[in-house]
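# Analysis of the macromolecular model
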Amino acid sequence: MEAKVRRGIGLVAHDAMKKDLIEWVLWNSELLMGNKFYCTGTTGTLILEALKEKHPDVEWDFTILKSGPLGGDQQMGSRIVDGQIDYLFFFTDPMTLQPHDTDVKALTRLAGVENIVFCCNRSTADHIISSPLFMDPDYERIHPDYSSYTKRFQNKPVVTEAVESVNRRKKKRL
């Protein structure tokens, strides 16, 4: 029996791209069955409604977060950092300035930091889902080693110097 792949998939879309993402998910729904989904609020609610209409007997595993501008983008980023998301399908609207553009940039950066698959349009999503790696149970992404960054203050006297500096300033005030 072939091993079933279960991926963590993030689904996000700007307002002008929601219909496009819904259509893409419906078109690929058979391939997407059995995965775990994390979606920002409105996008997730609409996609789940469409999937239930197309496949009324399928139990979909959806976690619907807050709306993107209301914190959902940060919640999605947290799931990426925690290793729960392997793929992020974020259909962005290239023609409209987003009031939460910094959140969008943060998600893009985290996708790069964590080395997850990230796409921002339907053509890229089509290529990703049609890749043999998408269903390959043996494929695992490479997790970057940031230990040199996280340990950059190890064996450095930063804390000692800060404590000594505060103590010197306190003595001067006395």
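- The name given to the protein chain in an unreviewed UniProt entry is Methylglyoxal synthase, with Bacteroides finegoldii as the source organism.
- Turning to the protein chain, the UniProt annotation filed under Sequence similarities (unreviewed entry) states: "Belongs to the methylglyoxal synthase family."
- According to its UniProt record, the protein chain has this under Catalytic activity (unreviewed entry): "dihydroxyacetone phosphate = methylglyoxal + phosphate".

### Notes on the overall build of the protein chain
- Within the protein chain, the secondary structure is distributed over 8 helices and 5 strands.
- Reading the secondary structure of the protein chain in the N-to-C direction produces β-α-α-β-α-β-α-β-α-β-α-α-α.
- Expected size for 174 residues packed as a compact globule is a radius of gyration near 16 Å; at 21 Å, the protein chain overshoots this value by more than 25%.
- Seen along its three principal axes, the alpha-carbon backbone of the protein chain occupies a region of about 75 × 40 × 30 Å.
- Taking all 174 residues of the protein chain together, 37% fall into the buried category.
- In the protein chain, of all internal contacts separated by at least 6 residues, the share reaching a separation of at least 24 is 80%.
- Computed over 23 positive and 24 negative side-chain charges, the separation of the two mean positions in the protein chain equals 15 Å.

### Thoughts on the sheet that holds strand E3 (residues 61-64)
- Spatial strand order, E3-E2-E1-E4-E5: 5 strands in an open sheet with parallel pairing. Here the strands that pair on one side only, and so sit at the sheet edges, are E3 and strand E5 (117-119). Going from strand to strand, the sheet's axes swing by 15 degrees on average, the running direction of each strand aside.
- Bridge analysis of strand E2 (residues 36-39) against E3 gives 4 bridges, and the strand direction is parallel. Bridging from a neighbouring strand, Phe37 pairs with Phe62 of E3.

### Some remarks on the packing of helix H1 (residues 18-27) against helix H3 (residues 41-54)
- With their axes 10 Å apart at the nearest point, H1 and H3 run at an angle of 35 degrees to one another. Considering how the two elements wind past one another, H1 and H3 form a crossing that is right-handed. Contacts between H1 and H3 involve Lys18, Leu21, Ile22, Val25 and Leu26 from the former and Thr42, Thr43, Leu46, Ile47, Ala50, Leu51 and Lys54 from the latter.
- Grouping the amino acids of the contact of H1 with H3 by side-chain chemistry returns 8 nonpolar, 2 polar and 2 charged.

Thresholds applied
Residues numbered from 1 in each chain as written. Predicted model: local features only at pLDDT ≥ 70, side-chain atom pairs only at ≥ 80, totals over all residues. Heavy atoms only, no water. UniProt positions renumbered as here; feature names shortened; annotations may be inferred. Helix = DSSP H or I, 4+ residues; strand = E, 2+ residues; numbered from the N terminus. Rg over C-alpha atoms; globule rule 2.2 N^0.38 Å. Buried < 20%, exposed > 50% of the residue type's maximum accessible area, 1.4 Å probe, protein only. Contact = heavy atoms within 4.5 Å. Lys, Arg positive; Asp, Glu negative; His and termini not counted. Charge placed at Lys NZ, Arg CZ, Asp CG, Glu CD. Pairing = 2+ DSSP bridges. Axes fitted to C-alpha atoms, helices over the stretch in contact; angles between N-to-C directions. Left-handed = near helix turned anticlockwise from the far one by under 90°. Nonpolar A, V, L, I, M, F, W, Y, C, P; charged D, E, K, R; others polar.

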